[in-house]
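Tertiary structure, described
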Amino acid sequence: MSDMNTSTFITLEEMEAATDALLETAKKVGADTWQQRAKNQTPHCKFGEEGICCRICTMGPCRITPKAPRGICGCDRDGIVARNYLRFTAGGAATHSDHGRNITHVLYLSKEGGDYQVKDPEKLIRIAKEWDVETEGRDIYDIAHEVAEIGLMEYGKPFGTQRFLKRAPEVRQKVWHDAGIEPRAIDREVSQSMHMTHMGCSSLPEALVRQSLRAGMSDGWGGSMMGTEMSDVLFGTPKPVDTNANLGVMEKDMVNIIVHGHDPSLSEMVVFYSQDPEMVALAKEMGAKGINVAGVCCTANEVAMRHGIPMAGNFLQQENVVLTGACEAIVVDVQCIFPALGPLSKCFHTKFITTSPIAQMPDSDYLEFNEATAGANARKIVETAVRNFKNRKPELVNIPNLKTNATVGYSVEAIKKCLDGVTNSHVDEVGTTKPLIDCIKSGVLRGAVALVGCNNPRVRHDYSHIELMKKMIANDIICIVSGCSAQAAAKAGLLSKEAKNLCGEGLKRVCELVDIPPILHMGSCVDISRMMILASDIAKDWNVDICDVPVIGCAPEYMSEKAVSIGNYVVATGIDTFLGIDPYTKGGPQVVKLLQGDIKDWVGANFTVELDMEKMGDMMIERIEEKRKALNI
Ligand code: MSK
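As a starting point, this report considers the structure included with it.

Across its full length, the protein chain holds 24 helices and 16 strands. Here the C-alpha radius of gyration of the protein chain, 24 Å, is about what a compact globule of 633 residues would show, namely 26 Å. Projected onto its principal axes, the C-alpha positions of the protein chain cover 65 × 65 × 50 Å. Looking at the protein chain residue by residue over its 633 residues, the buried ones come to 63%. In the protein chain, of all internal contacts separated by at least 6 residues, the share reaching a separation of at least 24 is 77%. Element-wise, carbon and sulfur atoms account for 52% of the exposed surface of the protein chain, whose accessible area totals about 23700 Å². Looking at the protein chain, you have 68 positive and 82 negative side-chain charges, and the mean spots of the two groups are 4 Å apart.

In total, this model carries 46 salt bridges according to the counting rule given. Across the pair D178 and K174 runs a salt bridge, and its minimum N-O distance is 2.6 Å. Pair noted here: D178 and K174 are both in helix 7 (residues 170–179), with a separation of 4 residues, about one helical turn. Judged by relative accessible area, K174 falls into the exposed class, the value being 52%. With its nearest N and O atoms 2.8 Å apart, the salt bridge here joins E328 to R392. Taken together, the positions of E328 in the loop between helix 13 (318–323) and strand 7 (329–332) and R392 in the loop between helix 15 (374–387) and strand 10 (404–408) put the pair 64 residues apart, joining distant regions of the chain. An identical accessibility class is assigned to E328 and R392; each is buried.

This paragraph deals with the site of the ligand. Taken together, 13 residues are adjacent to the ligand, and H262, C298, C336, C484 and C525 come closest. Those elements that place two or more of their residues in the shell around the ligand are helix 12 (297–307) and helix 19 (483–492). Partitioned by chemical class, the residues of the shell around the ligand number 8 nonpolar, 4 polar and 1 charged. Taken domain by domain, the shell around the ligand gets at least three of its residues from each of domain 2 (247–396) and domain 3 (405–630).

A word on helix 21 (residues 528–542). The end-to-end C-alpha distance of helix 21 is 21 Å, a good match for the 21 Å that 15 residues give at a rise of 1.5 Å each. Counting buried residues along helix 21, 13 of its 15 residues qualify, which places the element largely inside the surrounding structure.

What follows concerns the packing of helix 10 (residues 264–274) against helix 12. The geometry of helix 10 relative to helix 12 is characterised by a closest axis approach of 10 Å and an angle of 55 degrees between their N-to-C directions. Classified by the interaxial angle, the pair formed by helix 10 and helix 12 is oblique. For the pair helix 10 and helix 12, the crossing hand works out as right-handed. The segment helix 10 lies against helix 12, with P264, S267, E268 and V271 engaging T299, E302, V303, R306 and H307.

For strand 4 (residues 255–260), the buried fraction is high: 6 of the 6 residues fall into the buried class. In strand 4, alternate side chains face the same way, and those of V255, I257 and V259 on one face and N256, I258 and H260 on the other are all buried. Both strand 4 and strand 5 (residues 291–296) contribute to a ladder of 6 bridges, which runs parallel. Paired with I257 across the bridge in strand 5 is V293.

The end-to-end C-alpha distance of helix 1 (residues 12–29) is 26 Å, a good match for the 26 Å that 18 residues give at a rise of 1.5 Å each. Of the positions making up helix 1, those classed as buried are L12, M15, A18, T19, L22, T25 and A26. Down the axis, helix 1 shows its buried residues gathered within 130 degrees of arc, on one side only. Facing away from the buried side of helix 1, by more than 90 degrees, are the exposed residues K27 and K28. On its buried side, helix 1 packs onto helix 2 (34–41), helix 13, helix 18 (463–474) and helix 19. Looking at the residues trailing helix 1, positive phi occurs at G30, about 75 degrees.

Attention now goes to the state of the cysteines. Under the definition given, this model contains 0 disulfides. Among the cysteines around C62, which has no disulfide bond, C57 carries the closest sulfur, lying 6.3 Å off. Take C62: its relative accessible area is 13%, and that puts it in the buried class.

Within the structure shown, the criterion is met by 6 aromatic pairs. Measuring from ring centre to ring centre gives 5.8 Å for F88 and Y584, while their planes differ by 80 degrees; the resulting arrangement is edge-to-face. Taken together, the positions of F88 in helix 4 (residues 77–109) and Y584 in the loop between strand 15 (577–579) and helix 23 (589–603) put the pair 496 residues apart, joining distant regions of the chain. Relative accessible area serves as the criterion here: at 35%, Y584 is assigned to the partly exposed category. When the ring centre of F338 is taken as reference, the NZ or CZ atom of R37 above it lies at 5.8 Å. Positioned over the ring face of W131 is R163, at 5.6 Å from the centre of the ring.

A surface patch of nonpolar side chains, about 280 Å² in accessible area, is lined by M59, I72 and M199. If you trace the backbone, I72 turns up in the loop between strand 2 (62–63) and helix 4. Classification of I72 as exposed rests on a relative accessible area of 57%.

Here we take up the environment of G60. Considering the arrangement of structural elements, one finds G60 in the loop between strand 1 (53–54) and strand 2. Along the sequence, G60 and K157 sit 97 residues apart, while their C-alpha atoms lie 37 Å from each other.

As a further point, take the environment of D98. For D98, the position within the fold is in helix 4. Taking the C-alpha atoms as reference, D98 lies 35 Å from M619; in sequence the two are 521 residues apart.

Here we take up the sheet that holds strand 14 (residues 551–555). Sheet architecture is open: 6 strands sit in the order 13-12-11-14-15-16, paired in parallel fashion. Among the strands making up the open sheet, the edge pair consists of strand 13 (519–521) and strand 16 (607–609). Neighbouring strand axes in the sheet, compared pairwise and without regard to direction, differ in orientation by 25 degrees on average. Relative to strand 16, strand 15 is paired through 3 bridges, and the arrangement is parallel. Following the sheet pairing, T577 is matched in strand 16 by F607. In this fold helix 18 packs onto strand 11 (447–451), strand 12 (477–481), strand 13 and strand 14, with an angle of close to 145 degrees to the strand it touches most, strand 12.

The rules we used
- Residues numbered from 1 in each chain as written.
- Predicted model: local features only at pLDDT ≥ 70, side-chain atom pairs only at ≥ 80, totals over all residues.
- Heavy atoms only, no water.
- Helix = DSSP H or I, 4+ residues; strand = E, 2+ residues; numbered from the N terminus.
- Rg over C-alpha atoms; globule rule 2.2 N^0.38 Å.
- Buried < 20%, exposed > 50% of the residue type's maximum accessible area, 1.4 Å probe, protein only.
- Contact = heavy atoms within 4.5 Å.
- Areas by Shrake-Rupley, 256 points an atom, 1.4 Å probe, with all protein chains shown as cover.
- Lys, Arg positive; Asp, Glu negative; His and termini not counted.
- Charge placed at Lys NZ, Arg CZ, Asp CG, Glu CD.
- Salt bridge = Lys/Arg side-chain N within 4 Å of Asp/Glu carboxyl O.
- Near = heavy atom within 4 Å.
- Nonpolar A, V, L, I, M, F, W, Y, C, P; charged D, E, K, R; others polar.
- Domains from an automatic or database assignment.
- Expected span 1.5 Å × (residues − 1).
- Axes fitted to C-alpha atoms, helices over the stretch in contact; angles between N-to-C directions.
- Parallel < 35°, antiparallel > 145°, perpendicular 65-115°, else oblique.
- Left-handed = near helix turned anticlockwise from the far one by under 90°.
- Pairing = 2+ DSSP bridges.
- Arc of directions from axis to C-beta.
- Disulfide = S-S within 2.5 Å.
- Phe/Tyr/Trp six-rings, centres within 6.5 Å; stacked < 30°, edge-to-face > 60°.
- Lys NZ or Arg CZ within 6 Å of the ring centre and 35° of its normal.
- Patch = residues over 30% accessible without salt bridge, like charges linked within 9 Å, V, L, I, M, F, W, Y side chains within 5 Å.

In structure tokens:
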């Protein structure tokens, strides 16, 4: 364990001071950082910001101005904005869904005694039954392979809609059907989005926004859900586990391996081989006390919630881990990886190890990771990191003295188990959300907020996540969090049970009774699908539609296409969603009117874009209270 003490809470100012010190090191070694690059990139292109630049064909690029209100093909500003928005969504849906496909393929490769095995057979059997796969008297791996094959077929099946839609309340399924947004094959929705936005296809905002919701749905109720469910089957369904967070989890005397990205099929193996006695002995031979694995971005969430591996930081801290001078290797798979890590790592002894054909970058050591040879590949990666310890430059080492305690791993199953524990309300193998509903109905809890998403250099790092969470819990609104938002909470100490002391009286009582933190860590960005299941189960147990429940979503600092795809499926699921960053739609008033207004008539929810966090917090509380009023509670 680290010799650093943990703090109950860490302020943003303390984190910023630590970052400033690391930036001094960057200056000393001549390293480039995102802080500088963000300055170099401002002011940003106005056309891009408003979404009114079109480069879908080679007649342009066309930009909308008062003098040129239409592109060369005649497409107007709303058509251009809506097409860009749909392409943005499709990029995110493709990315999440391909992640889900990869995990499902790993399940297909699983075997007794192999690198990948089934860790949660009960969950596998539950999914098998849901999909009418015979389970009686069959070998668990036969079931796994059949379930995986069906899952993979969801990506390209010629007929029908996504199987997971049936998990939603019937009333919500009807909403989707009537709105024409039930996703068909996952790949089809992405492909059709690209087709619709090709030159000479759709320019009607309603059609493009509708397809954005549908493509998002193919992610949230298709590819992402596949990723979450199959990861649980393979690596175990998360249960509450204690861990530490913030940069102080890096160890001065140990080999530090940072895993970064998203796909647990790599990070699980790296964690496994870092504990291999031969590797630990090698680390000692190199002069280290042992091997310390810590995570960045969603990989941090994946390994924290299944193994208690510490979380070093979120998206905008990926350079910081290298700047500590104590990172032997930053091992990445896919998504949210700065290409900057290549040149940055060259200023230190750090090995920047890329592993996926999907994310290849200059100035990296490419050690391809293939699921069929996973064990051998992971061993080599760990060994490369360990052997690099001797190259560390002690004069550059600066690990900030920042470390908190966090309890993570609140899957839907785990939340229900916690609730069952206090009420003895256990009704069946999957439990119930009724105790939670009772707390909301009685007003002990006012409602719930799903706080998710990334960091973005456009806004103060982690400020919005942390301030909104504090405001919500002080007002008896329980938070569920994932992705880099979850890590913002963890780093500040908000995922610890002590955070109950920041809550209103009602939420504090619930935390004490159920023995939970007021902010529940639900995983990585694909795990927002868990939140959809939780919202569905609450609505079913309450006997209302999802849009009636006092639950809202919020992504205050998002930056990625995936986040826009998520926003679409969260809203399509009936959950009002608050964004702290504009999704490049300002230039299309009709598109803004649809996304922030009229789609409520289609799906019972819409977006709010608000850049002022104080105002946004008030609006979120107001929306929850409106929903309570509509339910007469
Ligand atoms: S890692 S998508 S920066 S949450 Fe999932 Fe964080 Fe956003 Fe990447």
